[in-house]
Amino acid sequence: MLFDDNYRTIDSVSKGIYKEKSSKFISLAIPVMSETEVNDQLKTIRKEYYDANHHCYAYRLGFDKLIYRHSDDREPSGTAGRPIFGQIQSFDLTNVLVVVIRYFGGTKLGVSGLINAYRQAAKEALQEAQIVEKTINEIYTLEFDYNSMNEIMRILRIYNAKQIESSYSVRCQLKVILRKNDALRFIEEVVKVKNLSYRYLQTQ
């Protein structure tokens, strides 16, 4: 059974603003690919909004959506990071960081008020985001005899595999990319070609 080899993310930074009882919540949705990138973005945001009271956030990474974290940044436990993360889940996104910056207006919102404010602020940013659907792809190198070129090209067309790099000689080398769901059948087909070798490189 094939698994879902596509995912939803955002393609650029988006911003939202939400106000509640004089408190101002500025939300940013940012595309990210790693926890290092998350940390760099958080450092930049904290520096830019140095005078804010809180910088709460949540993120989710990976095609399988298994890497995630959320932070309340000194707000009462469960009132900020978790509702922000809930919006990431609601929009079914991955490879995304959502940060909500709060400027306290002098009036306490209470637990339910904070949960609602952070949820709405995160939602504002994500509603403004350009959401895109991407495929999960695998990259391989193929090495084969030149006289097998026509057969290789035929297999590439069948599985819609795209050439990234190529080198043609007595022995040819191709670097190709194709959808993950097609990769197993593709490999099963190319290994039938005489004197062919292949190597998996990465998933992206």
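These numbers were taken from a predicted model, which means no experiment stands behind them.

Student: Teacher, can you tell me more about the packing of helix H2 (residues 81-90) against helix H3 (residues 110-128) here?
Tutor: Each pair of packed helices gets described by two things: the angle between the helix axes and the distance between those axes. Direction vectors running N to C along H2 and H3 enclose 35°, while the axes themselves pass 8 Å from each other. Where H2 crosses over H3, the two elements pack in a sense that is right-handed. Only Ile115, Tyr118, Arg119, Ala122, Lys123 and Leu126 of H3 make contact with H2, whose side of the interface consists of Pro83, Ile84, Gln87 and Ile88. Class assignment of the residues belonging to the contact of H2 with H3 gives a composition of seven nonpolar, one polar and two charged.

Student: Would you explain the sheet that holds strand E2 (residues 14-20) in this entry?
Tutor: Adjacent strands of a sheet pair through backbone hydrogen bonds, lying either parallel or antiparallel. Pairing within the open sheet is antiparallel, and its five strands lie in the order E2-E3-E6-E4-E5. Whereas interior strands pair on both sides, the edge strands pair on one side only; in this sheet they are E2 and strand E5 (67-71). Going across the sheet, the axis of each strand differs from the next one's by a mean of 15°, ignoring polarity. Pairing of strand E3 (residues 23-31) with strand E6 (residues 96-103), which is carried by eight bridges, proceeds in the antiparallel orientation. Paired with lysine 24 across the strands is tyrosine 103, a residue of E6.

Student: Sorry if this is basic, but what is going on with the sheet that holds strand E10 (residues 171-179) here?
Tutor: On the basis of which strands lie adjacent, the open sheet formed by four strands has the order E9-E10-E8-E11 and antiparallel pairing. Either end of the sheet is taken by a strand with one partner, and the two such strands are strand E9 (162-167) and strand E11 (197-203). Strand after strand, the sheet turns through a mean of 20° between neighbouring axes, direction not considered. Summarising the sheet, E9 and E10 pair through five bridges and their orientation is antiparallel. Across the sheet, lysine 162 pairs through a bridge with isoleucine 177, a residue of E10. Along the sheet face, helix H4 (residues 149-158) touches strand E8 (137-145), E9 and E10 and points at about 5° away from the line of E10. Docked against the sheet, helix H5 (residues 180-190) engages E8, E10 and E11, running at close to 150° with respect to E10.

Here is what the cut-offs are and how they apply
Residues numbered from 1 in each chain as written. Predicted model: local features only at pLDDT ≥ 70, side-chain atom pairs only at ≥ 80, totals over all residues. Heavy atoms only, no water. Axes fitted to C-alpha atoms, helices over the stretch in contact; angles between N-to-C directions. Helix = DSSP H or I, 4+ residues; strand = E, 2+ residues; numbered from the N terminus. Left-handed = near helix turned anticlockwise from the far one by under 90°. Contact = heavy atoms within 4.5 Å. Nonpolar A, V, L, I, M, F, W, Y, C, P; charged D, E, K, R; others polar. Pairing = 2+ DSSP bridges.

Note that every value here comes from positions in space, so none of it alone points to a role or purpose.
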